[in-house]
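Single-letter residue listing:
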Amino acid sequence: AGDLIKGTSLSTVYYYGYDGMRYTFPNEKTYMTWYENFDDVITISDSELADLSLAGNVVYRPGSYWVKVQSDDKVYAVSTDGSIHWIESETVATDFAGSSWAGHIQDVPDVFFTDYTVGSSLMTATAYDGMLYMDGGSYYISWGGEKRLVSSAGRSANGLQAGFYLSGSGIDDSALTAG
């Protein structure tokens, strides 16, 4: 459990879950929100792979990128448990990420949009669960109502890429407690 696996005859990479099921990375963009390379993928026989039930698709990592689909102009922040939250205006996006906010957006193919659960909209730049952000020179994650400092070692060990962190000057984390 916890391994990255693939069969011998297909290139599809799966996450082998702690529930004994396999979860598909639907594309390389999704995979790269969780991992920086394919070095740790283990090849198993096709018959071993077939013995593992397919449970669903992996979604974008919370706090990594914002997502949208080509058939809809709405931009969504990815939160925990596969939930997404519509960022209702460019002003809110700028408050979260500064003037380069559009660089935080990636397109998700329409067919995979149903893997996400639409949550409440973000009408202000209030910290949402799973959000990675900078405050001064420090890195934080908003998780479970807490503002948690993420050290350099923690960022490295968890594959939290520098580009994932939002650095807007309008982020409101006042409702978070120190974690």
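Now for a quick tour of the structure.

## Quick notes on unusual backbone geometry
Excluding glycine, a negative phi dihedral is what most residues carry, and trans is how most peptide bonds are arranged.
Argument step 1. The phi angle at Asp-81 is positive, at roughly 55°, despite the residue not being glycine.
Argument step 2. Looking at the element boundaries, Asp-81 is found in the loop between β7 (72–78) and β8 (83–86).

## Focus: the sheet that holds strand β11 (residues 132–135)
Within a beta sheet, neighbouring strands are joined by backbone hydrogen bonds and run either parallel or antiparallel to one another.
Argument step 1. Strand order in the open sheet made by the four strands is β11-β12-β13-β14, with mixed pairing throughout. Of all the strands in the sheet, just β11 and β14 (177–178) have a single pairing partner and so form its edges.
Argument step 2. Direction of pairing for strand β12 (residues 138–143) relative to strand β13 (residues 146–149): antiparallel, over a ladder of four bridges. From the neighbouring strand, Ser-142 faces β13, where its bridge partner is Lys-147.

## Observations concerning the sheet that holds strand β4 (residues 41–43)
Argument step 1. With respect to topology, five strands assemble into an open sheet ordered β4-β1-β2-β3-β5, the strand pairing being mixed. Looking at which strands have only one partner, the edges of the open sheet turn out to be β4 and β5 (54–57). On average, adjacent strands in this sheet sit at an angle of 35° to one another, irrespective of strand direction.
Argument step 2. Pairing geometry for strand β2 (residues 14–16) and strand β3 (residues 22–24), over three bridges, is antiparallel.

## Regarding helix α3 (residues 90–97)
It helps to recall that an α-helix has 3.6 residues per turn; residues three or four apart then point in one direction.
Argument step 1. By the burial criterion, the buried members of α3 are Val-92, Ala-93, Phe-96 and Ala-97. Down the axis, α3 shows its buried residues gathered within 110° of arc, on one side only. The exposed residues of α3 that point more than 90 degrees off its buried face are Glu-90 and Thr-91.
Argument step 2. The inward-facing, buried residues of α3 contact β6 (66–69).
Argument step 3. Once α3 finishes, Gly-98 follows within two positions and takes phi at roughly 75°, a positive value.

## Points about the nonpolar core
Argument step 1. Of all hydrophobic cores here, the largest spans 19 residues; its most connected members are Trp-66, Ile-87, Phe-96, Tyr-128, Met-131, Tyr-133 and Leu-166.
Argument step 2. Elements represented by at least two residues in this core include exactly β7 and α3.
Argument step 3. Of all hydrophobic cores here, the second largest spans 11 residues; its members include Tyr-60, Val-67, Val-69 and Val-108.

## Here we look at the pairing of β6
Argument step 1. Judged by which residues are buried, β6 turns out to be covered on both faces: Trp-66 and Lys-68 on one side and Val-67 and Val-69 on the other are all buried.
Argument step 2. Alignment of β6 against β7, held across three bridges, turns out to be antiparallel. Bridging across to β7, Val-67 finds its partner in Tyr-76.
Argument step 3. Taken together, β6 and the strand that follows it, β7, pair antiparallel across an intervening segment of two residues.
Argument step 4. Inspection of the sheet shows β6 paired to strand β9 (residues 105–107) by three bridges, in the parallel sense.

Calculation criteria
- Residues numbered from 1 in each chain as written.
- Predicted model: local features only at pLDDT ≥ 70, side-chain atom pairs only at ≥ 80, totals over all residues.
- Heavy atoms only, no water.
- Helix = DSSP H or I, 4+ residues; strand = E, 2+ residues; numbered from the N terminus.
- Pairing = 2+ DSSP bridges.
- Axes fitted to C-alpha atoms, helices over the stretch in contact; angles between N-to-C directions.
- Buried < 20%, exposed > 50% of the residue type's maximum accessible area, 1.4 Å probe, protein only.
- Arc of directions from axis to C-beta.
- Contact = heavy atoms within 4.5 Å.
- Core = buried A, V, L, I, M, F, W, Y, C linked by side-chain atoms within 4.5 Å.

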